[in-house]
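Okay, here's what each chain looks like letter by letter:
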Amino acid sequence: MSRTPSLDDWLTTRQPLVLGLFRIVLGLLFASEGAATVFGILDRKASPVGDWPFWYAGVIELVCGVLILLGVATRPAAFLSSGIMAFAYFTEHQKDGLFPLQNGGLAPVLFCWGFLLLVFAGPGALSLAGLTGRETATSPGSHRVTGPSR
């Protein structure tokens, strides 16, 4: 008996591609934040070299953003990026209010959680590491959590 594919099946088969596109966009946005901070582009004034924590954060954003964009060392770069965005939120934004809409911290929160997703999901499709076979995303449903066997 043949089964008609459902919308859920169709979406699941495209999960690695969409995850890869998500990684590319997130990496590009993060790298542009870093480049703006370090080099003073995109209508932003450059942070002075060695200025703590902004210049160092800019360098990390630029380097990790490029790694994530390309899909090279995605999980470690995403882990570091998630951490610095959490640091940025709690040290620069939290003091101005509890919620991100109050304190201007919406971008760091979204970056933090987006990168945390990549730590667990991997790079998805379209990664340079995937071409070499060094890093792969988990295939949909390959790590199902199951209850105790009876």
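I will try to describe carefully the structure that is included in this document. (Residues numbered from 1 in each chain as written. Predicted model: local features only at pLDDT ≥ 70, side-chain atom pairs only at ≥ 80, totals over all residues. Heavy atoms only, no water.)

## As for helix α2 (residues 15-39)
Counted at 1.5 Å a residue, the expected span for α2 with its 25 residues is 36 Å, and the 35 Å between its end C-alpha atoms agrees. Among the residues making up α2, those that are buried are Leu 19, Gly 20, Arg 23, Leu 26, Gly 27, Phe 30, Ala 31, Gly 34, Ala 35, Ala 36, Thr 37 and Val 38. In the core, the buried residues of α2 are packed alongside α3 (54-70), α4 (74-93) and α6 (106-121). (Helix = DSSP H or I, 4+ residues; strand = E, 2+ residues; numbered from the N terminus. Expected span 1.5 Å × (residues − 1). Buried < 20%, exposed > 50% of the residue type's maximum accessible area, 1.4 Å probe, protein only. Contact = heavy atoms within 4.5 Å.)

## Details of the nonpolar core
Core analysis: the largest hydrophobic core is formed by 16 residues, its most contacted members being Phe 30, Ile 68, Ala 78, Met 85, Phe 111, Phe 115 and Leu 118. Of all the elements, α6 adds the most residues to this core, at six residues. The contacts of Leu 118, once residues within four sequence positions are left out, are Leu 19, Phe 22, Arg 23, Leu 26, Ile 68, Thr 74, Arg 75 and Ala 78. (Core = buried A, V, L, I, M, F, W, Y, C linked by side-chain atoms within 4.5 Å.)

## Looking at the packing of aromatic side chains
All chains considered together, the criterion is met by six aromatic pairs. Here the aromatic rings of Trp 52 and Tyr 56 are separated by 5.8 Å at their centres, their planes lie at 55°, and the arrangement is tilted. Accessibility expressed as a relative area gives 37% for Tyr 56, which makes it partly exposed. With 5.2 Å between their ring centres and 85° between their planes, Trp 55 and Tyr 56 make a pair best called edge-to-face. According to the relative accessible area criterion, Trp 55 is buried, its value standing at 19%. (Phe/Tyr/Trp six-rings, centres within 6.5 Å; stacked < 30°, edge-to-face > 60°.)

## Notes on a nonpolar patch on the surface
Taken together, the side chains of Val 66, Leu 70, Val 72, Leu 128 and Leu 131 make up a nonpolar region of the molecular surface, amounting to roughly 420 Å² of accessible area. Tracing the sequence through the fold places Val 66 in helix α3. (Patch = residues over 30% accessible without salt bridge, like charges linked within 9 Å, V, L, I, M, F, W, Y side chains within 5 Å. Areas by Shrake-Rupley, 256 points an atom, 1.4 Å probe, with all protein chains shown as cover. Salt bridge = Lys/Arg side-chain N within 4 Å of Asp/Glu carboxyl O.)

## A short note on the pattern of salt bridges
Scanning all chains against the criterion turns up one salt bridge. Residues Arg 44 and Glu 33 are paired through a salt bridge, measuring 3.0 Å at the closest nitrogen-oxygen approach. Highlighted residues: Arg 44 in the loop between α2 and α3 and Glu 33 in helix α2, separated in sequence by 11 residues.

## Things to note about unusual backbone geometry
Here the amide bond leading from Trp 52 into Pro 53 is cis, since omega sits at -5°, within 30 degrees of zero. Of note in this structure, Asp 43 is not a glycine but carries a positive phi near 60°. Asp 43 gets classed as exposed once you look at its relative accessible area, which sits at 86%. The phi angle at Ala 73 is positive, at roughly 50°, despite the residue not being glycine. By secondary structure assignment, the location of Ala 73 is in the loop between α3 and α4.

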